[in-house]
Amino acid sequence: MAKHWWKALAILLLLYVIIAGFTVEIPIIGTNGQSSRGLFFHVPMWICMYTMFTISIVYSLFFLSKYDLKKDVIAAAAAGVGSFFGVMGFATGSLWATYTWGGTLTDDPKQMCTALAILIYLAYLVLRLSIHDLDKRARISAVYNIFAYALLIPLTYIIPRMVDSLHPGSATTPGFASKDTSGSMKQVLYPAFIGWTLLSVWIFSLVVRYKKLQLKNIFK
């Protein structure tokens, strides 16, 4: 049981984040109002997404170095979990935009670039489904994954910070200052980063175990 301590920690942290996230006192600034509570859920989704996509690209590189199909399966599992959290991050961000920008889907560069990045990874998952030969699928998927990751950072971080955007942290819109993230918010936000990330790793480990059961001939 001792080796599962981190799962218990994930559950405790997420319970704390969910309860405190809706009850803690937060600063009311501009049009944000109570929607700032979305930070406790929206931003951690991106942390989870980046974590999973990084694991995915690492295992794709491992596969290309030794052509071990087990590494390809792990890379695919991480990409799938990362895509899930990417969609969740986009959904929570769109919900926030509904109440602060006046529209769920807008022409904001950050929102559009993020949507494109997620679609690229969803296309990776579709690509894998369309190729039935294991070796061919693994090789093509690994190469595609490298290009997908190479586009991820520019699309979701660099470009949005260089152009005009309604999103905090762009070229013309300041990021969250100290008054926006009060001490009470930080006491929830930081545990949220850890809790949600641990949950993503937990889900990832379950997906890998499921894949192992599917491909017993590979995982011997």
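Small disclaimer: the values here were computed from a predicted structure and weren't measured.

A. Broad picture of the UniProt feature "transmembrane region" (unreviewed entry) in the protein chain. Residues annotated by UniProt as "transmembrane region" (unreviewed entry) correspond here to residues 39–62, 74–97, 109–130, 142–159 and 188–210. Between the first and last C-alpha atoms of residues 39–62 the distance is 35 Å; the span itself is 100% helix and 0% strand. Helix makes up 100% of residues 142–159 and strand 0%, and the two end C-alpha atoms of the span are 25 Å apart.

B. Seen up close, the packing of aromatic side chains. One pass over the structure, following the stated rule, counts 9 aromatic pairs. Ring geometry for Phe-41 and Trp-196: centres 6.4 Å apart, planes at 70°, overall edge-to-face. Note that Phe-41 is positioned in helix H2 (residues 39–66) and Trp-196 in helix H6 (residues 183–214), a separation of 155 residues in sequence. Its relative accessible area of 15% is what places Phe-41 among the buried residues. Taken together through their ring pairs, the aromatic side chains of Phe-22, Phe-41 and Trp-196 make up a single cluster.

C. Representation of the layout of surface pockets. What the second largest pocket holds in volume is close to 360 Å³. Lining of the second largest pocket is provided by 13 residues; of these, Ala-76, Arg-128, Leu-129, Arg-137 and Lys-211 occupy positions nearest its centre. Those elements that provide at least two residues to the lining of the second largest pocket are helix H3 (69–100), helix H4 (109–130) and H6. With 5 residues, H3 is the single largest residue contributor to the lining of the second largest pocket. Tallied by class, the residues present in the lining of the second largest pocket amount to 8 nonpolar, 2 polar and 3 charged.

Quick notes on the rules
Residues numbered from 1 in each chain as written. Predicted model: local features only at pLDDT ≥ 70, side-chain atom pairs only at ≥ 80, totals over all residues. Heavy atoms only, no water. UniProt positions renumbered as here; feature names shortened; annotations may be inferred. Helix = DSSP H or I, 4+ residues; strand = E, 2+ residues; numbered from the N terminus. Phe/Tyr/Trp six-rings, centres within 6.5 Å; stacked < 30°, edge-to-face > 60°. Buried < 20%, exposed > 50% of the residue type's maximum accessible area, 1.4 Å probe, protein only. 1 Å grid on protein atoms, 1.4 Å probe; cavity = no way out; pocket = protein on both sides within 12 Å on 5 of 7 lines; lining within 4 Å. Points joined across faces, edges and corners; volume = space filled by probe spheres on them. Nonpolar A, V, L, I, M, F, W, Y, C, P; charged D, E, K, R; others polar.

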